[in-house]
Amino acid sequence: MPFAGEIYEGPARVGFWNITESEAVLRAGITLSPASMSLVNGSGSEKRRRELLAVRSLMHRMGISDSDLYYDGDKPLLHSERYISISHSGTMACVALSADEPVGIDIQEIKPRLSAVMKWLLRAKKTEREEDLGLIRSGLLWTAKEAMYKLGGGKDAYMRDLEVVLPEGEPGLEGYLTGYQDVAEGRKDYRIAYRVMDGYIFAVAWMKTNG
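This one's a predicted model, so the numbers in the text were calculated from it and none came from an experiment.

1. What to know about the overall build of the chain
Step number 1: A count of helices and strands for the chain gives five helices and 11 strands.
Step number 2: Going through the 211 residues of the chain one by one, you find that 45% of them count as buried.
Step number 3: When contacts within the chain are restricted to residue pairs at least 6 apart in sequence, those whose partners lie at least 24 apart make up 50%.
Step number 4: About 10700 Å² of surface is accessible on the chain, with carbon and sulfur atoms providing 50% of the total.

2. Focus: the pairing of strand E4 (residues 75-78)
Step number 1: Residues Pro76 and Leu78 point to one face of E4 and are all buried, whereas Lys75 and Leu77, pointing to the other face, are not buried.
Step number 2: Note: strand E3 (residues 69-72) against E4, four bridges, orientation antiparallel. Looking at E4, one finds that Leu69 is bridged to Leu78.

3. Description of the sheet that holds strand E8 (residues 163-165)
Step number 1: Taken together, five strands build an open sheet; the order of strands is E7-E11-E10-E9-E8 and the sheet is antiparallel. Each of the sheet's edge strands pairs with one partner strand only, and the pair in question is strand E7 (104-109) and E8. If you compare each strand with its neighbour and ignore which way they point, the axes differ by 25° on average.
Step number 2: In terms of strand pairing, strand E9 (residues 174-183) meets strand E10 (residues 186-197) through 10 bridges, oriented antiparallel.

4. What about unusual backbone geometry?
Step number 1: We note that Glu81 has phi near 70°; this positive angle belongs to a residue other than glycine.
Step number 2: For Asp198, which is not glycine, the phi torsion reads 50° and is therefore positive.
Step number 3: Take Asp198: it is sitting in the loop between E10 and strand E11 (200-207).
Step number 4: Taking the relative accessible area as the measure of exposure, Asp198 reaches 77% and is therefore exposed.

5. Here we look at the packing of aromatic side chains
By convention here, two paired aromatic rings are described through the distance between centres and the angle between planes.
Step number 1: Summed over all chains, the structure comprises one aromatic pair.
Step number 2: Each ring, one from Phe16 and one from Phe202, has its centre 5.1 Å from the other, and the planes form 75°; the classification is edge-to-face. Here Phe202 lies in strand E11 and Phe16 lies in strand E2 (residues 12-18), a separation of 186 residues in the sequence. Summarising the burial analysis for this pair, Phe16 and Phe202 share the class buried.
Step number 3: The ring centre of Phe3 lies 3.9 Å from the NZ or CZ of Arg61, which sits over that ring.
Step number 4: Lying across the ring of Tyr180, Arg187 places its NZ or CZ 4.0 Å from the centre.

6. Digging into the side chain of Arg56
Step number 1: Following the sequence through the fold, Arg56 ends up in helix H3 (residues 46-61).
Step number 2: Within the structure, Arg56 has its side chain in polar contact with the side chain of Asp66 (distance 3.3 Å).
Step number 3: With near-sequence residues (within four places) excluded, Arg56 lies in contact with Ile30, Leu32, Ser36, Leu39, Asp66, Leu69 and Tyr71.

7. Some words on the environment of Leu53
Step number 1: Tracing the sequence through the fold places Leu53 in helix H3.
Step number 2: In this structure the C-alpha to C-alpha distance between Leu53 and Gly29, which are 24 residues apart in sequence, comes to 9.3 Å.
Step number 3: When near neighbours in sequence (up to four residues on either side) are disregarded, Leu53 contacts Glu23, Leu26, Arg27, Ile30, Leu32 and Val40.

8. Digging into the pattern of salt bridges
Step number 1: The full count for this structure, using the stated rule, is 11 salt bridges.
Step number 2: Put simply, Glu51 and Arg48 hold a salt bridge, and the shortest N to O gap is 3.8 Å. Of this pair, Glu51 and Arg48 both sit in helix H3, three residues apart, roughly one helical turn.
Step number 3: Overall, Glu51 belongs to the buried group, its relative accessible area being 8%.
Step number 4: Given a relative accessible area of 31%, Arg48 falls into the partly exposed group.
Step number 5: Salt-bridge contacts for Arg82 lead to Asp68; the nearest nitrogen and oxygen are separated by 3.4 Å. Placement of Arg82 in the loop between E4 and strand E5 (83-89) and of Asp68 in the loop between H3 and E3 is noted, with a sequence separation of 14 residues between them.

What counts, and where the lines are drawn
Residues numbered from 1 in each chain as written. Predicted model: local features only at pLDDT ≥ 70, side-chain atom pairs only at ≥ 80, totals over all residues. Heavy atoms only, no water. Helix = DSSP H or I, 4+ residues; strand = E, 2+ residues; numbered from the N terminus. Buried < 20%, exposed > 50% of the residue type's maximum accessible area, 1.4 Å probe, protein only. Contact = heavy atoms within 4.5 Å. Areas by Shrake-Rupley, 256 points an atom, 1.4 Å probe, with all protein chains shown as cover. Pairing = 2+ DSSP bridges. Axes fitted to C-alpha atoms, helices over the stretch in contact; angles between N-to-C directions. Phe/Tyr/Trp six-rings, centres within 6.5 Å; stacked < 30°, edge-to-face > 60°. Lys NZ or Arg CZ within 6 Å of the ring centre and 35° of its normal. Polar contact = N/O pair within 3.5 Å; in protein donor to acceptor, adjacent residues only side chain to side chain. Salt bridge = Lys/Arg side-chain N within 4 Å of Asp/Glu carboxyl O.

So, in structure tokens, the structure goes:
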């Protein structure tokens, strides 16, 4: 079973799944809710179906019933009033679960396209960050921004409006970043944990309080 482990970051319990099984094997290991069955069967891509099934296999491993899961647009929610965030890239899927406060998570395979994506994302901002960021720094920016975006459910925010403060010099393989968003009511501050591991970068974000 390609369960790849769990870690704890801030308020989040994060599980990882390496998607190596066939679709048939993944289906045999779990019971899908009618909504998930419709979602999986309605996907025309085998890769997408395996991602959806792997996420639900990971949820099952983490003690989350598939019938507990529902969506508000693209945002996953739980009837049990816990907080969940989901991401997948390449052959990896991850789920963040929190009992206390909303979290957002993103994982990205480290590929050259990350630099191109970040150049596009930062094109409208006339800052020194328009230079070549390199793969790791590009990946950190992208996953941090995505995690912040998912935390807010994609409401009242654009990716370009979410700011991330990167460390000076070459970032380590794990650590913490800060992020923020200027809004009409003032400023929203975020705390972001990240790790670089086995060809992937992931980030999990939660709201930063003054306490």
